[in-house]
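# A closer look at the structure
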Amino acid sequence: NKTMEGSVSETGPFESTMNELIPATTYYVRAYATNEAGTGYGGEVSFTTDPMLPSVQTKPVSDIGTHSAVANGAVLDLGSPAAYQHGFCWNSIGNPNISDSKAELGTVSETGDFNALIADLVPNTTYYIRAFASNAGGTSYGDEVEFNSATSASAPIATIINAPAKITNATAYS
């Protein structure tokens, strides 16, 4: 590939813009100039484009219990290079990141939905969760979603309806 900047009337430095470069790719470049005598080339230089972060979405949490819930998310873009880790992170104070509790699901090779069971929740607690994906460029997060773990189930209460007015010769065992 090459760029063309048009005719030149004097010597000196010049700039050229290269478009449509691929993230996380090394390119080798050298300047050139052409006249009636031929084409001359400058020395080769190389550069590597920055990685592109993956993109994820956090979806509503489902199947919420007292000690567990199902986290739901989606990979919208794999990034470049592709993500080496994806999953969910959560806490009870907000703005969770991968230093908090997390469910790691490993590498990802295609876009689409994913989910994970998150456990060891405290009953009746507000949690904040985000989907995440990491590649060589860093970690990206989906929007924060809030949910409340269920309240602990209380012991059933027995109610006697239409009880007799008088009980005689009764024995109770437990």
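Residues numbered from 1 in each chain as written. Predicted model: local features only at pLDDT ≥ 70, side-chain atom pairs only at ≥ 80, totals over all residues. Heavy atoms only, no water.

## Examining the environment of Ser80
- Residue position: Ser80 is located in the loop between strand 6 (69-77) and strand 7 (85-91).
- It is 6.7 Å that separates the C-alpha atoms of Ser80 and Leu53, two residues lying 27 residues apart in sequence.
- Look past the residues within four positions of Ser80 in its chain and what remains in contact with it is Pro23, Ala24, Pro51, Met52 and Asn135.
- There is a polar contact of 3.3 Å between the side chain of Ser80 and the backbone oxygen of Pro23. (Helix = DSSP H or I, 4+ residues; strand = E, 2+ residues; numbered from the N terminus. Contact = heavy atoms within 4.5 Å. Polar contact = N/O pair within 3.5 Å; in protein donor to acceptor, adjacent residues only side chain to side chain.)

## A closer look at the environment of Asn124
- The topology assignment puts Asn124 in the loop between strand 9 (112-118) and strand 10 (126-135).
- Taking the C-alpha atoms as reference points, Asn124 and Asn148, 24 residues apart in sequence, are found 6.2 Å from one another.
- Residue contacts for Asn124: discarding those within four places in its chain leaves Ser149, Ala150 and Thr151.

## Quick word on the environment of Ser140
- By the secondary structure assignment, Ser140 is in strand 11 (residues 138-141).
- Residues in contact with Ser140, not counting those within four places in the same chain, are Leu53, Pro54, Ser55, Val56, Ala131, Phe132 and Ala133.
- Within the structure, the side chain of Ser140 is placed 2.5 Å from the backbone oxygen of Pro54, a separation counted as a polar contact.

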